[in-house]
Amino acid sequence: MSTALAIAADIRSGARRAADVLDDFLGRIETHDGDVHAFNTVTAEQARAAAAAIDALVDEGRDPGPLAGVPVAFKDNLCTRGVATTCSSRMLEGWQPPYDATVVQAMTAAGAVMIGKTNLDEFAMGSSTEHSAFGPTRNPYDLGRVPGGSSGGSAAAVAAGFAPLALGSDTGGSIRQPASLCGIVGIKPTYGRVSRYGLVAFASSFDQIGPFATDVADAALALGVISGHDPADSTSIPAAVPDFAAALGRGVDGLRVGVVSEMTGSGRNRAANGGSPPGDAAGDVLDGIDADVTERVLEAADALADAGATVGRVSVPAVTYGLTAYYLIAPAEASSNLARYDGTRYGLRVDGADVEEMNRLTRRAGFGDEVKARIMLGTFALSAGYYDAYYGKAQRVRMLTRRDFDAAYADFDVLLSPTSPCVAFRFGERADPMTMYRCDTCTIPSNLSGDPAMSVPFGTGADDLPVGVQVMAPALGEETMLTVAAALERAAPPLPGPPLAGVAGSTGART
Amino acid sequence: MSGANKSEKRQVRQQEGSPTHAASREEVTAISTDQVAHVARLARIELTPDEIEHYTGHLGRVLEHARELEDLDLADVPPLAHPYPLRNVFRDDVPSTPVDRDDVLEQAPAASSGQFEVPPVLGEEV
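None of the values given here were measured: they were computed from a predicted structure.

### Details of the overall build of chain A
In terms of regular secondary structure, chain A is built from 17 helices and 11 strands. Here the C-alpha radius of gyration of chain A, 22 Å, is about what a compact globule of 511 residues would show, namely 24 Å. Its C-alpha atoms give chain A principal-axis dimensions of roughly 65 × 60 × 45 Å. Expressed as a percentage of its 511 residues, the buried residues of chain A come to 65%.

Okay, here's the thing in structure tokens:
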């Protein structure tokens with residue numbers, strides 16, 4: 001399976017035709033997506049027209065752009081003009097947005113070809129895609145297991161070889177966790193690095209769009225294409241976009257890498273020291289992180305040390321309260337954002353005698369179980385008499401997290417942790433809401449702080465399933481993050497590809 | 001509705017009054033069925049009595065977990081609402097082409113005379 005970089009180079013040079021590349025990927029989708037169910041919609045006809053247009057540009061001697069003819073899958077909460085955008089909810093089934101998201105425009109302008117819209121947990125609320133109204137996506141590594149979520153469709157699409165690139169959104173880990181479970185690379189950029197215009201809002205102070213790819217170089221390429229200030233998103237940061245590709249080969253010599261103690265409490269260092277590692281002031285550790293996942297993180301740290309980095313342990317005490325703070329703030333923001341689904345302007349309407357009954361019956365029929373629960377949780381957390389105890393307190397924890405990260409970054413350039421506390425789990429295994437929410441325990445802190453973070457495959461854990469290591473960096477520190485991620489990728493044990501016919505290994509194995 | 005609010009506030013005081021006493025904490029459930037019914041009305045989601053029971057359990061488990069924040073002394077920590085400090089964001093006041101009205105109304109459940117159409121708001125046909 002070719003990378004996006006290789007495909008674009010071949011198409012720009014005339015060595016391959018965009019139409020042929022597209023047919024290869026559509027063929028894999030045809031063969032395997034009945035099993036995987038990564039896509040809600042495959043836009044084959046539109047993609048063929050787009051590929052033909054790319055080929056025409058090449059024929060005219062014009063450059064179609066850095067993603068010339070590269071098929072890309074978009075999470076189905078990114079608005080695509082005239083193409084159904086469902087958020088995997090009955091509420092928006094069949095809705096066709098009147099405009100493209102800024103990232104969709106950017107990818108298309110760079111020459112990418114939209115191949116389809118991918119499945120997600122309804123309105124991006126979940127960590128497994130089991131909350132999709134249209135049925136779950138299955139992990140290409142084991143069809144009996146989840147791909148993670150909420151961007152599970154995008155992650156599975158890239159892992160299964162349905163597209164070399166995909167975009168997802170990350171509110172509490174929804175890019176990084178599925179990337180980890182599917183053995184690919186996923187980036188949550190700094191909050192504001194990428195425009196959210198046209199991303200259907202879940203929790204607006206956390207939501208951030210980012211890429212999935214089979215390797216770090218492709219992810220960096222896509223990140224560069226979608227980054228930048230957008231007047232249509234007042235939260236987007238007016239900062240220049242660095243040359244992310246240049247960061248990949250810099251090497252980690254002299255970089256200071258901090259392994260987060262609270263997220264690696266089950267590791268060998270802790271055991272060897274008979275408790276908290278030296279310098280671990282808090283002593284509190286996050287529960288439920290698999291020991292072999294922690295082992296991979298510590299091996300990754302060793303690999304960086306071998307490559308010349310200075311590695312130490314660092315305590316970020318507030319992360320142990322991150323999950324709780326997040327599951328108050330995110331539902332609070334969601335309860336406000338999802339108030340717009342009232343049967344008036346788009347999507348589903350169930351008729352009622354008056355407008356309020358119409359609202360209540362529409363929302364009853366349109367929203368699934370988890371979405372209803374989170375809307376009500378958020379409504380409760382914001383309601384009179386509870387605001388200070390829940391929402392207000394959670395926002396103060398958010399500040400605490402920001403401060404603890406700032407303190408850690410005074411001593412370290414990047415931080416290392418597991419992405420997901422476990423490898424891909426079986427369907428139904430995490431049905432209890434708190435058990436499911438704990439999937440996000442290592443990823444949420446970066447959403448609270450707004451800092452960039454990414455997942456890089458690094459070996460396997462239980463049942464030979466992929467493990468992802470999370471690299472975190474301070475705000476707008478994507479270059480250093482990518483430098484470290486590229487070094488990890490070079491050191492990572494080869495990862496066998498998913499057992500789908502015609503799909504090669506997703507990283508390491510290629511070289 | 002005002003009666004429901006009063007009882008909710010009493011319950012909060014009860015919780016806050018014994019933040020570190022584990023035994024008394026468990027006696028007060030994090031949220032009651034009445035409160036869930038009230039919240040469902042606020043959120044405009046029609047629920048059956050069985051569903052109210054179901055969500056009382058679901059929300060209760062999450063809010064039970066949230067009690068760990070009670071033990072944190074955060075009086076000196078200001079709240080953080082937005083991760084990146086941007087203030088007074090303006091754009092140049094230049095005309096542009098808005099999304100086409102017909103394109104928007106075409107996707108609406110009901111529309112007439114260039115507007116969204118809804119059932120009576122005041123409960124009576126005007």
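There is more to say, and it comes next.
### A short note on the overall build of chain B
Broken down by element type, chain B carries five helices and two strands. Helices and strands appear in chain B in the N-to-C order α-α-α-α-α-β-β. Considering only residue pairs separated by 6 or more positions, chain B has 42% of its internal contacts joining residues 24 or more positions apart.

### Some words on helix H12 (residues 355–366) of chain A
Here H12(A) spans 16 Å end to end across 12 residues, near enough to the 16 Å set by a 1.5 Å rise per residue. Along H12(A), the residues classified as buried are Met358(A), Asn359(A), Arg360(A), Leu361(A), Thr362(A), Arg363(A) and Gly366(A).

### Remarks on the nonpolar core
Counting residues in hydrophobic clusters, the biggest one holds 180 residues, and the most contacted among them are Val72(A), Val113(A), Met376(A) and Val471(A). If we ignore the near neighbours within four places in the chain, the residues touching Val471(A) are Val414(A), Leu416(A), Ala453(A), Met454(A), Val456(A), Met481(A), Val484(A) and Ala485(A).

### Things to note about the interface of chain A and chain B
When the parts come together, some accessible area is lost, and that loss is often what is quoted as the size of the interface. Each partner contributes to the interface: chain A provides 62 residues, whereas chain B provides 49 residues. By residue number, the principal contributor to the side of chain A that touches chain B is helix H14 (residues 388–411) of chain A, which donates 12 residues. Within the side of chain A that touches chain B, the residues separate by chemical class into 30 nonpolar, 18 polar and 14 charged.

### A few points about the packing of helix H10 (residues 291–306) of chain A against helix H17 (residues 478–491) of chain A
Residues and elements named next belong to chain A. Remark: H10 packs on H17, axes separated minimally by 10 Å, with the N-to-C direction vectors making an angle of 100°. Considering the angle they form, H10 stands roughly perpendicular to H17. When H10 is examined against H17, the residues Ala-300, Ala-303 and Leu-304 are found in contact with a partner set consisting of Val-484, Ala-487, Leu-488 and Ala-491. Its residues assigned to classes, the contact of H10 with H17 shows seven nonpolar, no polar and no charged.

### Thoughts on the sheet that holds strand E2 (residues 71–75) of chain A
All names here are of chain A. If you trace the 11 strands from one edge of the open sheet to the other, you get E1-E3-E2-E4-E6-E5-E10-E11-E9-E7-E8, paired in mixed fashion. At either margin of the open sheet sits one strand with a lone partner, and together these are strand E1 (39–42) and strand E8 (310–314). The average angle at which neighbouring strand axes cross in this sheet is 30°, direction not considered. As paired strands, strand E9 (residues 414–418) and strand E11 (residues 466–472) are joined by four bridges and run antiparallel to one another. Paired with Leu-416 across the strands is Val-471, a residue of E11.

### Focus: the packing of helix H3 (residues 33–42) of chain B against helix H4 (residues 49–66) of chain B
A packed helix pair is summarised by two numbers, namely the angle formed by the two axes and the spacing between the axes. All names here are of chain B. Closest axis-to-axis distance for the H3/H4 pair is 9 Å, and the angle between their directions is 100°. Taken together, H3 and H4 sit at an angle that is classed as roughly perpendicular. Residues Thr-33, Val-36, Ala-37 and Ala-40 of H3 lie in contact with H4, whose contacting residues are Ile-52, Glu-53, Tyr-55, Thr-56 and Leu-59. Residues belonging to the contact of H3 with H4 are distributed by class as follows: six nonpolar, two polar and one charged.

### Considerations on unusual backbone geometry
Omega for the peptide link from Gly149(A) to Ser150(A) comes to 5°, which places this bond in the cis form. Within the secondary structure, Ser150(A) is located in the loop between strand E3 (113–118) and helix H5 (152–159). Not every positive phi belongs to a glycine, and Asn88(B) is a case in point at roughly 50°. Relative to the helices and strands, Asn88(B) resides in the loop between H4 and helix H5 (101–106). For Asn88(B), a count of 5 C-beta atoms within 10 Å gives the class exposed.

### Some words on the environment of Val241(A)
Residue and element names in this part refer to chain A. With respect to the helices, strands and loops of the structure, Val-241 is situated in the loop between helix H7 (216–226) and helix H8 (244–247). Considered as a pair, Val-241 and Leu-286 are 45 residues apart in the sequence and their alpha carbons are 35 Å apart. Filtering out sequence-adjacent residues up to four positions away, Val-241 remains in contact with Gly-224, Ser-227 and Gly-228.

### Considering the confidence of the model for chain A
Taken residue by residue, chain A gives an average pLDDT of 94. The fraction at 70 or more is 94%. Every residue in residues 505–511 of chain A scores below 50 in pLDDT, and together they form 27 contacts with partners more than four places removed in sequence or on other chains.

### Let's talk about H3(B)
By the burial criterion, the buried members of H3(B) are Gln35(B), Val36(B), His38(B), Val39(B) and Ala40(B). Positive backbone phi, approximately 55°, marks Arg44(B), located one or two places after H3(B).

### Details of the pairing of strand E10 (residues 453–460) of chain A
All names here are of chain A. Burial analysis of E10 places seven of its eight residues in the buried class, the great majority of the element. Of the pairings in the sheet, the one linking strand E5 (residues 185–188) to E10 comprises three bridges and is antiparallel in character. Each bridged residue has a counterpart across the sheet, and for Lys-188 the counterpart in E10 is Ala-453. Pairing of E10 with E11 involves six bridges; the strand directions are antiparallel. The partner of Pro-457 across the bridge, within E11, is Gly-468. Linking two consecutive strands that pair antiparallel, namely E10 and E11, is a turn of five residues; a positive phi of about 55° is found at Asp-463 within it.

### Focus on the pairing of E5(A)
Residues and elements named next belong to chain A. Along E5, one buried face is formed by Val-185 and Ile-187 and the opposite face, lined by Gly-186 and Lys-188, is buried too. Across two bridges, the pairing between E5 and strand E6 (residues 208–213) is antiparallel. In the sheet register, Gly-186 faces E6, and the bridge partner there is Phe-212.

### Side note on the environment of Ala84(A)
Looking at the secondary structure, you find Ala84(A) in the loop between E2 and helix H4 (102–109). C-alpha separation for the pair Ala84(A) and Thr43(A), spaced 41 residues apart in sequence, amounts to 9.9 Å.

Each value, and the rule that gives it
Residues numbered from 1 in each chain as written. Chains lettered and ligands numbered in written order. Predicted model: local features only at pLDDT ≥ 70, side-chain atom pairs only at ≥ 80, totals over all residues. Helix = DSSP H or I, 4+ residues; strand = E, 2+ residues; numbered from the N terminus. Rg over C-alpha atoms; globule rule 2.2 N^0.38 Å. Buried ≥ 20, exposed ≤ 12 C-beta atoms within 10 Å, placed from the backbone. Contact = placed C-beta atoms within 7 Å. Expected span 1.5 Å × (residues − 1). Core = buried A, V, L, I, M, F, W, Y, C linked by C-beta atoms within 7 Å. Nonpolar A, V, L, I, M, F, W, Y, C, P; charged D, E, K, R; others polar. Axes fitted to C-alpha atoms, helices over the stretch in contact; angles between N-to-C directions. Parallel < 35°, antiparallel > 145°, perpendicular 65-115°, else oblique. Pairing = 2+ DSSP bridges. pLDDT = per-residue confidence, 0-100.

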